[in-house]
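Spelled out from the first residue to the last, the chains are:
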Amino acid sequence: NVKIIATGSLKEPYLRDAAAEYSKRLSAFCRLETVELKEARVYDDGSPSAAAAALSDEAERILAAVPPRAFTVALCIEGKEYVVQDGDVMHFKFNV
């Protein structure tokens, strides 16, 4: 089973279509569940503490949605790229 927990939702139709296609492809190998949490509201007062409070709120809600004893991988577009390979076959790639 794979559970994707994300903040916000895909707004562009082509991204929603791509996500649906990948979900369909993965359904042959696993049960995929996507949980989209509401983004925390950041009040634009320019203070770093406001952004930190919003991120903290999102983190709490994400952790609450993680099942007990789940293997977790936090993905971030700004993160370090990892490639999992078996010989010459790349199984998956993600940013952590």
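### Overview of the pairing of strand E2 (residues 32–37)
Pairing of strand E1 (residues 2–7) with E2, which is carried by 6 bridges, proceeds in the parallel orientation. The residue bridging Ile4 from the neighbouring strand is Thr34, located in E2.

### Observations regarding the confidence of the model for the protein
Mean pLDDT for the protein: 83, with 82% of residues reaching 70 or above. By mean pLDDT, strand E4 (residues 89–95) is the weakest element of the protein at 54, and helix H1 (residues 13–26) is the strongest at 93.

### A short note on helix H2 (residues 48–65)
For H2, built from 18 residues, the straight-helix expectation of 26 Å at 1.5 Å per residue is met to within 8% by its first-to-last C-alpha distance of 26 Å. Along H2, the residues that are buried comprise Ala50, Ala54, Glu58 and Ala65. Around the axis of H2, the buried residues are gathered within 70 degrees of arc, so they sit on the same side. Of the exposed residues in H2, the ones pointing more than 90 degrees away from its buried face are Pro48, Ser49, Leu55, Glu60, Leu63 and Ala64. In this structure, the buried side of H2 is in contact with E1.

### Quick notes on the side chain of Glu58
Assignment of secondary structure puts Glu58 in helix H2. No salt bridge forms around the buried Glu58; measuring N to O, its nearest opposite-charge neighbour Arg61 is 4.7 Å away. Filtering out sequence-adjacent residues up to four positions away, Glu58 remains in contact with Thr7, Glu39 and Ala40.

Reading the values: rules and limits
Residues numbered from 1 in each chain as written. Predicted model: local features only at pLDDT ≥ 70, side-chain atom pairs only at ≥ 80, totals over all residues. Heavy atoms only, no water. Pairing = 2+ DSSP bridges. Helix = DSSP H or I, 4+ residues; strand = E, 2+ residues; numbered from the N terminus. pLDDT = per-residue confidence, 0-100. Expected span 1.5 Å × (residues − 1). Buried < 20%, exposed > 50% of the residue type's maximum accessible area, 1.4 Å probe, protein only. Arc of directions from axis to C-beta. Contact = heavy atoms within 4.5 Å. Lys, Arg positive; Asp, Glu negative; His and termini not counted. Salt bridge = Lys/Arg side-chain N within 4 Å of Asp/Glu carboxyl O.

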